[in-house]
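Structural characterization, general
Each chain is listed here by its residues.
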Amino acid sequence: MERYKVIKEVGNGTFGSVWRALNKQSGEVVAIKKMKKKYYSWEECINLREVKSLRKMSHPNIVKLKEVIRENDILYFVFEYMECNLYHLMKDRPKLFLESEVRNWCFQIFQGLANMHQRGYFHRDLKPENLLVSKDTIKIADFGLAREINSKPPYTEYVSTRWYRAPEVLLQSPIYGPAVDMWAMGAIMAELLTLRPLFPGSSEADEIYKICSVIGTPSKSEWAHGHELAGTINYQFPQIPGVNLSVLLPSASEDAVNLITSLCSWDPCKRPTAVEVLQHRFFQSCFYVPPSLRSKTAVARTPPSAGTKGSSEQKTNRWSSSTLTNPKPSSNFSPIKSQFSPAGVQRKLQMNYQVCCLGKLLIR
Ligand SMILES: Nc1ncnc2c1ncn2[C@@H]1O[C@H](COP(=O)(O)OP(=O)(O)OP(=O)(O)O)[C@@H](O)[C@H]1O
């Protein structure tokens, strides 16, 4: 850790504190997350979800994990540094964001999510604090709760911040998938457009109540599985009609309201996938660069190695992404002509649907 000069604390979460720091050799500014828990072996560290999932991801809209260091039983993650998060940007803001700003951020997040879901992971804790912004770029961070899509349910441990938590998780479904990220994005998009949380529940029961009062109680035909889940835990939905989202989002365009409405569908199978969302009319003006045109980024091939034996290195284990041949990822906003067809025409994205379908299968 002596290679870094710590500048100041920039965040403090459940699992660790995050510091702005300077790489003394390269002069690069980085974010170092110091984990609260102690780690007594390197194996324990490399099996952490945050390490396992982030090492596999390389996308311009997913925050880059540069190094993992274990020193004196303390675990440090070295990330690329981002200036602020979406919560900071919304807090105390006197006037609404332009819809074009919201569109630009969301388009980037959905590209990051499409990539993550395609690689077989879902985030499970999307919230404004985990969406980091530097200038015009936004990236998904905090993979502490990320799950492999084909990892074995039941998923019983704590999941996601309440206001962004999907109804199937609130109803304690043992099986769920990437659609939980899509729900969270519906809530986040609405919040970006109004600067108010859409479902600000004060408890889990109140969270479901708040959801019912916005999107209306689900009928049995609308979400049969939800009624089964509710029955299993002896829960009765409150009977509330709900409102038209355009009333709650008076400044939003019809396309934005339509997209949020479909993302916030009770039934996870009815929520669009990230790939589908990228084709929504709301994003018609955005440039999409298909993966085949992006620069190829190498997936980590070398497992984190135990540090070589030596007096100082016996206490320090290190894994660094820079040892890999990772070309700089291209910007997803490069001025390549969009391959999208005009409105109303089905536009094809060159993405692999396999995992998204698998995600949906998991929920059934
Ligand atoms: N790469 C980064 N660059 C700048 N700031 C960051 C970076 N990563 C995290 N932060 C800041 O630190 C905060 C906490 O980080 P993070 O969410 O990773 O910690 P955590 O302990 O997992 O938190 P949580 O309680 O949300 O699970 C973030 O909300 C963000 O403001």
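Please read all numbers here as calculations on a predicted model, not as lab measurements.

A count of helical and extended segments in the protein chain gives twelve helices and eleven strands. Of the contacts formed within the protein chain by residues at least 6 apart in sequence, a portion of 69% connects residues at least 24 apart.

What follows deals with the domain arrangement of the protein chain. A common measure of how large an interface is: the accessible area buried when the components associate. On domain assignment, one finds that the protein chain holds domain 1 (4–81 + 295–323) and domain 2 (84–283). The residue makeup of the side of domain 1 that touches domain 2, split by class, is five nonpolar, three polar and three charged.

Bringing unusual backbone geometry into the picture now. One non-glycine residue with positive phi stands out, namely Asp-73, at about 65°. Positionally, Asp-73 belongs in the loop between β4 (65–71) and β5 (74–80). The phi dihedral of Lys-135 falls on the positive side, at around 50°, and the residue is not glycine. Counting through the fold element by element, Lys-135 comes out in the loop between β8 (131–134) and β9 (137–140).

Further remarks concern the site of the ligand. Taken together, 20 residues lie near the ligand, and Gly-11, Gly-13, Thr-14, Val-18 and Ala-31 sit nearest. Of all the elements in the fold, those that place two or more residues in the shell around the ligand are β1 (4–12), β2 (16–23) and β3 (29–38). A breakdown of the residues in the shell around the ligand according to their chemical character gives ten nonpolar, seven polar and three charged. A domain split of the shell around the ligand shows at least three residues from each of domain 1 (4–81 + 295–323) and domain 2 (84–283).

This part takes up the nonpolar core. Counting 79 residues, the largest nonpolar core has Ile-109, Phe-110, Trp-183, Ala-184, Ala-187 and Met-189 as its most contacted members. Here this core takes twelve residues from helix α6 (residues 179–194), the largest share from any one element. Built from parts of two domains, this core gets at least three residues from each of domain 1 (4–81 + 295–323) and domain 2 (84–283). With residues up to four places along the chain from it excluded, the contact list for Ala-187 reads Trp-163, Tyr-164, Leu-198, Phe-199 and Cys-264.

Turning our attention to helix α4 (residues 99–118). Helix length check: α4 (20 residues) gives 28 Å between terminal C-alpha atoms against 28 Å at 1.5 Å per residue, within 8%. Counting buried positions over the 20 residues of α4 gives 16, a clear majority of the element. Trailing α4 by a residue or two, Gly-120 shows a phi angle of about 95°, which is positive.

This part is about the UniProt feature "binding site: ATP" (unreviewed entry) in the protein chain. Mapped onto this structure's residue numbering, the UniProt feature "binding site: ATP" (unreviewed entry) falls at Lys-34. By the element assignment, Lys-34 lies in strand β3. Beyond its immediate stretch of four places on either side in the chain, Lys-34 contacts Gly-16, Ser-17, Trp-19, Ile-74 and Tyr-76.

Basis of the calculations
- Residues numbered from 1 in each chain as written.
- Predicted model: local features only at pLDDT ≥ 70, side-chain atom pairs only at ≥ 80, totals over all residues.
- Helix = DSSP H or I, 4+ residues; strand = E, 2+ residues; numbered from the N terminus.
- Contact = placed C-beta atoms within 7 Å.
- Domains from an automatic or database assignment.
- Nonpolar A, V, L, I, M, F, W, Y, C, P; charged D, E, K, R; others polar.
- Near = placed C-beta within 6 Å.
- Core = buried A, V, L, I, M, F, W, Y, C linked by C-beta atoms within 7 Å.
- Buried ≥ 20, exposed ≤ 12 C-beta atoms within 10 Å, placed from the backbone.
- Expected span 1.5 Å × (residues − 1).
- UniProt positions renumbered as here; feature names shortened; annotations may be inferred.

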